[in-house]
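Architecture and fold: a report
This is what each chain is made of:
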Amino acid sequence: MCGIVGYIGNKQAYPILINGLKRLEYRGYDSAGIAIFNGDLNVYKKQGKVQELVNFTKSKNTQGTIGIGHTRWATHGEPNDTNAHPHVSGNGRLTLIHNGIIENYALLKEALKKEGHTFQSETDTEVLVHLIEELQTRENLKIEEAVRVALSKVIGAYAIVVIDREDPDKLVAARKASPLVVGIGEDEFFVASDPTPIAEFTQKVVFLNDEEIAVVTRDGDLQIKSIENEIQNPFIQELDIKIEEMEKGDFEHYMLKEIYEQPKTVADCMRGRVNAAEGWIKVGGVDTCKDRIFNANRFIIAACGTSWHAGLIGEYLFEELARIPVEVEYASELRYRNPIINEKDVVIALSQSGETADTLAALEMAKSKGALCYGIVNNVGSSIARLTHAGSYIHAGPEIGVASTKAFTGQVTLLSMMAIHLGYERGTIPRSYYLQLLEELENIPNKIDRLLKNAQKQIEFIAGEIKDAPNALYLGRGYNFPIALEGALKLKEISYIHAEGYPAAEMKHGPIALIDENMPVIVIATNKSAYEKIVSNIQEVKARKGKVIAIVKEGDSIIREIADYTIEIPDTDEPLTPLLSVIPLQLLSYHIALMRGCNVDQPRNLAKSVTVE
Ligand code: M6R
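Quick look at the structure, then. Predicted model only: the values in this text are computed from it and were never measured.

Across all of its chains, the model carries 9 aromatic pairs by this definition. An angle of 75° between the planes, with centres 6.4 Å apart, marks the rings of Tyr44 and Phe56 as edge-to-face. Placement of the pair is Tyr44 in strand E3 (residues 41-47) and Phe56 in helix H2 (residues 50-57), with a sequence separation of 12 residues. Here Tyr44 falls in the buried class, since its relative accessible area comes to 10%. Between Tyr424 and Tyr434, the ring centres sit 3.8 Å apart and the planes meet at 10°, which makes this aromatic pair stacked.

See the structure below:
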């Protein structure tokens, strides 16, 4: 959702804020704004991308060494200049940026109106800054105290940063259920939604916990208090983020860069964890709570979107290789049901960002019921990583493109390692197969590399052939069914073509009615088991004049004869197929979106990190 950045120090704030907003733009991009204090408080806001704000501020006074910036993903109020952040209090003294939702804003607004407050925008955020002003003025409070008292009256989620022009040598920041990190530099501090705007200045950070308020001052002081007014010890962490990981490099888009990074990111995920020659696999997080994981009654996998698709592959993997029963749940459904979960369950949360509000809430609920909570997360230090009892990072590096690609293959790699490890240790796969899978796992990065090199031209050509279709159907069986879902999601989110993923055999139970000569049907047909069945499904589509694009194993001449187009991927063991079969679908949606003139990295209405429910 929205991106937040704040700076206090000796440098000019403007370039730090603008570059920070550009880095955070993947979190929200409908409007952006900054406030910089320099004796006076200058606030500039603009609907649209950060570039619009840059153009707007060219002729403005942007001097000052303390400031805050925001890039918005609208919740309350349409995207326009007025609703953009920062919001200013009625008396002009306070300026605030906010990520999250103040759920009781309507009640608070009514009460404030009775006190004489008037509002410019439709946002919940403006209510919060007026509430802080009201408390500060009425009780004559210091800004941090006014923020603390105000937040105790608020229901909802927030990450905020506030500047008080009467007390301008400090930033006050607070969080609840929306991420916020403080960067500690030399005589300077940064505050941001995630470390990406901070990493080029300092790798020393403190991730705030829920209901904590941080005050950073120009003279180098960092103080953290709980909302109950208790002083907290800041836990300072060292990041390991390389600047080039956050840049596009020679690629036109982040998404393309991230697709092409996959040979490396999959290898990074396995680094130090798999050694086929020596016959071992180690997943640190699993070993820290071996007994509970090995003896679990079942695994419940909770996630959203692409991470949910990875979770579905996890179900196939754990059940086939480790013989552990698995349920895969949409986190948003799980959290609001009254599910039967107990201490014999292991709940695995999958999340690239580690901040998805529904996944976090589902985990909290599972934790309160006694389950062991395990996180498979990309972003180091994220809320899910901190909430879980144990877990594993996928080490994919920053994923900036809104459409998730390398995080997906990282999650599937991690789940594959876990399933192979558990299968071998529990005696549900023989050593020979275990060793074969380890060797094959180690081969996957090279195979992705080969696939990316060989299939690129053909995929671009096919993209050109189907780019104008209004609908598309994706079919797969077994391990390739979740890939069909993922392929369809990738297409719809970045090219705005309506697409559906289905288990291939389910086609006959409804979607077949949609098939005619205008319907591209993408069949992921790399299966060894049930190969003949998927061939029959392709015949059924062809019999109805559907246009078949088949993802097949190298050298498959049978499907090549019947499909309109084929894309070949290297052969591998069936449980590892998803790591290869997803790649052409990522590229296909990328090229279609590009040809349709869509904004690949920042598709409409979407945001990278969904921190509101
Ligand atoms: O950060 P998370 O993995 O928890 O995010 C979950 C979904 O919001 C995310 O996968 C979303 O579906 C992506 N836009 C898919 O490309």
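Anyway, onward from the coordinates.
Moving on, we get to the side chain of Ser495. Mapped onto the elements, Ser495 comes out in helix H16 (residues 480-495). Polar side-chain contacts of Ser495 include one of 2.6 Å to the backbone oxygen of Leu491. Setting aside anything within four residues of it in sequence, one finds Ser495 in contact with Ile592, Ala593, Arg596 and Cys598.

Listed as buried for helix H3 (residues 105-114) are Leu108, Lys109 and Leu112. One side of H3 carries all its buried residues, which in axial view fall inside an arc of 100°. Away from its buried face, by an angle of more than 90 degrees, H3 presents the exposed residues Leu107 and Lys114. Packing partners of the buried residues in H3 comprise strand E6 (94-102) and helix H4 (124-139). One or two residues past the end of H3 sits Gly116, with phi positive at roughly 100°.

Should their charged atoms come close, side chains of opposite charge can pair. In the structure shown here, the tally under the stated rule is 35 salt bridges. For the salt bridge of Lys170 with Glu144, the shortest nitrogen-to-oxygen distance reads 3.1 Å. Highlighted residues: Lys170 in strand E8 (residues 170-176) and Glu144 in helix H5 (residues 143-151), separated in sequence by 26 residues. Three or more residues are tied together by salt bridges with common partners; here these are Lys142, Glu144, Asp167 and Lys170.

Once that is clear, we can look at the sheet that holds strand E20 (residues 345-351). Judged by pairing direction, the sheet is parallel, and its 5 strands sit side by side in the order E19-E18-E20-E21-E22 without closing on themselves. Either end of the sheet is taken by a strand with one partner, and the two such strands are strand E19 (326-330) and strand E22 (390-393). Across this sheet, the average inter-strand angle for adjacent strands is 20°, counted without regard to direction. Of the strands in this sheet, strand E18 (298-303), E19 and E20 are in contact with helix H10 (residues 305-322), which crosses E19 at around 175°.

Right, let's get into the packing of helix H14 (residues 406-425) against helix H15 (residues 431-466). Relative to each other, H14 and H15 sit at 160°, their axes nearing to 10 Å. Judged by the angle between their axes, H14 and H15 are roughly antiparallel. With respect to the hand of their crossing, H14 and H15 are arranged in left-handed fashion. Of the residues in H15, those touching H14 at Ser416, Met417, Ile420 and Tyr424 are Arg431, Tyr434, Leu437, Leu438 and Leu441.

Glancing now at the packing of helix H7 (residues 262-270) against H15. Each pair of packed helices can be described by the angle between their axes along with the distance between the axes. Two elements in contact, H7 and H15, have axes separated by 8 Å at closest approach and are oriented at 170°. The pairing of H7 with H15 is recorded here as roughly antiparallel in orientation. Within the contact between the two elements, H7 uses Gln262, Pro263, Val266, Ala267 and Met270 and H15 uses Leu441, Glu442, Ile444, Pro445, Ile448, Asp449 and Leu452. Residue composition of the contact of H7 with H15, by class: 9 nonpolar, 1 polar and 2 charged.

What follows concerns the nonpolar core. In terms of nonpolar packing, the biggest core is built from 95 residues, with Ile293, Phe299, Phe318, Tyr374 and Tyr474 touching the most fellow members. Considering each element in turn, this core owes the most residues, 13 residues, to H15. By size, the runner-up hydrophobic cluster in this structure holds 27 residues, among which are Phe119, Leu128, Ile132 and Leu135.

Turning our eyes to something else, we now look at the sheet that holds strand E13 (residues 222-226). As summarised here, the arrangement of the 7 strands in space is E5-E6-E7-E8-E12-E13-E14, forming an open sheet in which the pairing is antiparallel. Among the strands making up the open sheet, the edge pair consists of strand E5 (87-88) and strand E14 (231-232). Where E6 meets strand E7 (residues 156-164), 9 bridges bridge the pair, whose relative direction is antiparallel. Bridge pairing in E7 links Ile102 to Gly156. In the packing of H4 onto the sheet, the strands contacted are E5, E6 and E7, and the crossing angle to E6 comes to about 130°.

Looking now at the site of the ligand. Around the ligand lies a shell of 14 residues, among which Ser307, Ser351, Ser353, Thr356 and Glu493 are the nearest. One of the backbone N or O atoms of Val402 is found 3.2 Å from a nitrogen atom in the ligand. When the ligand is considered free in solution it has 420 Å² of accessible area, and contact with the protein chains removes 91% of it. Breaking the shell around the ligand down by element, the ones donating at least two residues are H10 and H16. Residue contributions to the shell around the ligand peak at 3 residues, all from H10. Within the shell around the ligand, the residues separate by chemical class into 4 nonpolar, 8 polar and 2 charged.

Rules used throughout
Residues numbered from 1 in each chain as written. Predicted model: local features only at pLDDT ≥ 70, side-chain atom pairs only at ≥ 80, totals over all residues. Heavy atoms only, no water. Phe/Tyr/Trp six-rings, centres within 6.5 Å; stacked < 30°, edge-to-face > 60°. Helix = DSSP H or I, 4+ residues; strand = E, 2+ residues; numbered from the N terminus. Buried < 20%, exposed > 50% of the residue type's maximum accessible area, 1.4 Å probe, protein only. Polar contact = N/O pair within 3.5 Å; in protein donor to acceptor, adjacent residues only side chain to side chain. Contact = heavy atoms within 4.5 Å. Arc of directions from axis to C-beta. Salt bridge = Lys/Arg side-chain N within 4 Å of Asp/Glu carboxyl O. Pairing = 2+ DSSP bridges. Axes fitted to C-alpha atoms, helices over the stretch in contact; angles between N-to-C directions. Parallel < 35°, antiparallel > 145°, perpendicular 65-115°, else oblique. Left-handed = near helix turned anticlockwise from the far one by under 90°. Nonpolar A, V, L, I, M, F, W, Y, C, P; charged D, E, K, R; others polar. Core = buried A, V, L, I, M, F, W, Y, C linked by side-chain atoms within 4.5 Å. Near = heavy atom within 4 Å. Areas by Shrake-Rupley, 256 points an atom, 1.4 Å probe, with all protein chains shown as cover.

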